[in-house]
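Here is what each chain is made of, one letter per residue.
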Amino acid sequence: MRIARFSIDGNVAFGAVEGEKPDELVLDIIKGIPFADFELSGTKVPLAPSDSRTRVRLLPPVLPNKVVAFGRNYADHAKELGNEVPDAPFAFFKPSTSVIGPGDEIQYPSFSEDLHHEAELAVVIGRMCREVPRERVKDVILGYTCANDLTARDVQKREKQWARAKGFDTSCPLGPWVETDLDPSDLTIQLTVNGQQRQLGRTSEMIHSIEDLIVNITEAMTLLPGDVILTGTPAGVGPLTVGDEVAVTIEGIGTLTNKVVKRG
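Notes on the structure follow.

Rules behind the numbers
Residues numbered from 1 in each chain as written. Predicted model: local features only at pLDDT ≥ 70, side-chain atom pairs only at ≥ 80, totals over all residues. Heavy atoms only, no water. Helix = DSSP H or I, 4+ residues; strand = E, 2+ residues; numbered from the N terminus. Rg over C-alpha atoms; globule rule 2.2 N^0.38 Å. Buried < 20%, exposed > 50% of the residue type's maximum accessible area, 1.4 Å probe, protein only. Contact = heavy atoms within 4.5 Å. Areas by Shrake-Rupley, 256 points an atom, 1.4 Å probe, with all protein chains shown as cover. Lys, Arg positive; Asp, Glu negative; His and termini not counted. Charge placed at Lys NZ, Arg CZ, Asp CG, Glu CD. Salt bridge = Lys/Arg side-chain N within 4 Å of Asp/Glu carboxyl O. Polar contact = N/O pair within 3.5 Å; in protein donor to acceptor, adjacent residues only side chain to side chain.

## What about the overall build of the chain?
- What the chain contains, in helices and strands, is four helices and 20 strands.
- In terms of C-alpha radius of gyration, the chain reaches 18 Å, essentially the compact-globule figure of 18 Å for 264 residues.
- Taken over the C-alpha atoms alone, the chain extends approximately 50 × 45 × 30 Å along its principal axes.
- In the chain, which comprises 264 residues, the share counted as buried stands at 52%.
- Look at the contacts in the chain between residues 6 or more apart in sequence, and 70% of them connect residues 24 or more apart.
- Split by element, the accessible area of the chain, about 12,100 Å² in all, is 47% carbon and sulfur.
- Treating the 28 positive side-chain charges of the chain as one cloud and the 38 negative ones as another, the clouds have centres 5 Å apart.

The following block contains the structure:
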């Protein structure tokens, strides 16, 4: 099931996305929230309605309490930036205020001159959990979505720690929806800028698996429903400029598209 979070005429709801062709997608509004038992209402609205008076807008698929991101989880990406491959998962945080949704604008940070894209598979947590054993990891996952771990590369290098470089407002686009029925072990990840391919990899190239990452972080802290785990980026990261349109596509999920604008 593809679960989207959306607004319609100012009201926010979750819905199950039905259909395959972009101009034929509809949302079956969910009764309740996807982190508990829910039913489909049977009330359906077009995702791209022909009636301009009905305004349907996709929002970030979840509003996480925290985004836990793992760096250097693809060997080729670590090498392209001159970094060693870590022996153990290497985590950092992006705040909830960094999250934006599909179609939202990425604001180029005023304190950086070297903004980079990083396409990633994101894991959405479905239930509160702590100290999750490896064999129970699948039980705590709601599903998967696309992410772009935007990074002020010059600031990251200069400041050594990553709070500002990776945590600025609009630095974590997520979407377009959460896919709940997916085997994430070997999916194609690609990223384009203005239609030109920049990144291409497969999730099977991860150094540390999704099970590794969730076991690692839940040894230290509790994850809450809606929290997001970013699993690392394949090689090919590079700069963005104002006016660029950047799109992350993950096999079995869909495409997350955002445009870079000047912060103002």
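## Considering the environment of Asp 87
- With respect to the helices and strands, Asp 87 occurs in the loop between α1 (75–80) and β7 (90–94).
- For Asp 87, a relative accessible area of 78% puts it in the exposed group.
- Along the backbone, Asp 87 and Arg 72 are 15 residues apart, and their C-alpha atoms lie at a distance of 10 Å.

## Some points on the pattern of salt bridges
- The final tally for this structure, using the stated rule, is 13 salt bridges.
- Close ionic contact of Asp 149 with Lys 94 constitutes a salt bridge, the shortest N to O distance being 2.7 Å. Of the two residues, Asp 149 sits in the loop between β12 (141–148) and β13 (151–152) while Lys 94 sits in strand β7, which places them 55 residues apart along the sequence.
- With its nearest N and O atoms 3.5 Å apart, the salt bridge here joins Lys 166 to Glu 118.

## Observations regarding the side chain of Gln 156
- Looking at the element boundaries, Gln 156 is found in helix α2 (residues 153–159).
- Given the relative accessible area of 11%, Gln 156 is considered buried.
- Among the polar contacts listed, one links the side chain of Gln 156 to the side chain of Arg 153, at a separation of 2.9 Å.
- Apart from the residues within four sequence positions on either side, Gln 156 is in contact with Thr 151, Trp 162, Ala 165 and Lys 166.

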